[in-house]
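Spelled out from the first residue to the last, the chains are:
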Amino acid sequence: QVQLVESGGGLVQAGGSLRLSCAASGSISSINAMGWYRQAPGKKRDLVAAISSGGSTNYVDSVKGRFTISRDNAKNMVYLQMNSLKFEDTAVYYCKTNARTPESVFALDYWGKGTLVTVSS
C-alpha cells in the first residue's frame, strides 16, 4: 500500500502564495506520474497539474504561469507552488500518484485525503 499525505494548505489573501507538499510512503517499488487535483464546493474534482517521472509537466489553463509543480524522486515527494492566488483557486487540493508496490503486478492510482486552500478576496 501507498500512503499520501498533503500539507501546506491554509487561508491566504488574494494575490498571495502557498506551497503544497505531498509525501508518499509505504511499500513503494516505483512511482510514475504524480499530480495535484482540486475540488471546489459543489464541483467535481479536476486536474490542476501533473508531472511525469521524467519531469515533464502539464497544467490546466487557469493556473498556467501562476502554479509550478515539482517533485523530488529521492524523497517521493511532489510540490505545488501557487502564486498570485485567486478567490477561484479556493478548493480542497488532493495529491495523486501512480505507483507500483512489490505486491502489485500493475501500477495503481493512490490519493491523499486532501488539504484545504482558502483564498480570501
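Details of the structure are given in the entry above.
The model shown is predicted, which means the values in this text are computed figures rather than measured ones.

**Some thoughts on the layout of surface pockets**
By rolling a water-sized probe across the atoms, one finds the places where empty space is left.
In step 1: Here the largest pocket defines a volume of roughly 240 Å³.
In step 2: What lines the largest pocket is a set of 13 residues, among which R38, A40, K43, E88 and T90 lie closest to the centre.
In step 3: For the lining of the largest pocket, the secondary-structure elements that each account for two or more residues are β4 (30-39) and β5 (46-51).
In step 4: When residues of the lining of the largest pocket are assigned to their parent elements, the largest contribution, 3 residues, is made by β5.

**Focus on the pattern of salt bridges**
In step 1: Evaluation of the coordinates by the stated rule reveals 5 salt bridges.
In step 2: Note that D61 and K64 form a salt bridge whose closest N and O atoms lie 2.9 Å from each other.
In step 3: Judged by its relative accessible area of 61%, D61 falls in the exposed class.
In step 4: Its salt-bridge partner being D89, residue R66 comes within 2.7 Å of it at the nearest N-O pair. Of this pair, R66 sits in the loop between β6 (57-59) and β7 (67-72) while D89 is found in the loop between β8 (77-82) and β9 (91-100), placing the two residues 23 residues apart along the sequence.
In step 5: The buried category is assigned to D89, whose relative accessible area is 1%.

**Quick notes on the state of the cysteines**
In step 1: According to the stated counting rule, one finds 1 disulfide in the structure shown.
In step 2: Linked covalently through their sulfurs, C22 and C95 form a disulfide whose S-S length is 2.1 Å. Judged by the torsion about the S-S bond (-85°), the C22/C95 disulfide is left-handed. Taken together, the positions of C22 in strand β3 (residues 18-26) and C95 in strand β9 put the pair 73 residues apart, joining distant regions of the chain.
In step 3: When its relative accessible area of 0% is taken as the criterion, C22 is described as buried.
In step 4: By relative accessible area, C95 is classed as buried at 0%.

**Digging into the sheet that holds β7**
In step 1: Taken in spatial order, the 4 strands line up as β1-β3-β8-β7 in an open sheet, and their pairing is antiparallel. Each edge of the sheet is formed by a strand with only one pairing partner; in this case those strands are β1 (2-7) and β7. Averaged over all adjacent pairs, the angle separating strand axes in this sheet is 15°, with direction ignored.
In step 2: Pairing of β1 with β3, which is carried by 6 bridges, proceeds in the antiparallel orientation. Residue pairing in the sheet places S7 in a bridge with S21 of β3.

**Description of the environment of G65**
In step 1: Tracing the chain through its elements places G65 in the loop between β6 and β7.
In step 2: Distance in space between the C-alpha atoms of G65 and M82 is 9.6 Å, their sequence separation being 17 residues.

**So, the pairing of β3**
In step 1: Direction of pairing for β3 relative to β8: antiparallel, over a ladder of 6 bridges. Each bridged residue has a counterpart across the sheet, and for A23 the counterpart in β8 is M77.

Parameters at a glance
Residues numbered from 1 in each chain as written. Predicted model: local features only at pLDDT ≥ 70, side-chain atom pairs only at ≥ 80, totals over all residues. Heavy atoms only, no water. 1 Å grid on protein atoms, 1.4 Å probe; cavity = no way out; pocket = protein on both sides within 12 Å on 5 of 7 lines; lining within 4 Å. Points joined across faces, edges and corners; volume = space filled by probe spheres on them. Helix = DSSP H or I, 4+ residues; strand = E, 2+ residues; numbered from the N terminus. Salt bridge = Lys/Arg side-chain N within 4 Å of Asp/Glu carboxyl O. Buried < 20%, exposed > 50% of the residue type's maximum accessible area, 1.4 Å probe, protein only. Disulfide = S-S within 2.5 Å. Pairing = 2+ DSSP bridges. Axes fitted to C-alpha atoms, helices over the stretch in contact; angles between N-to-C directions.

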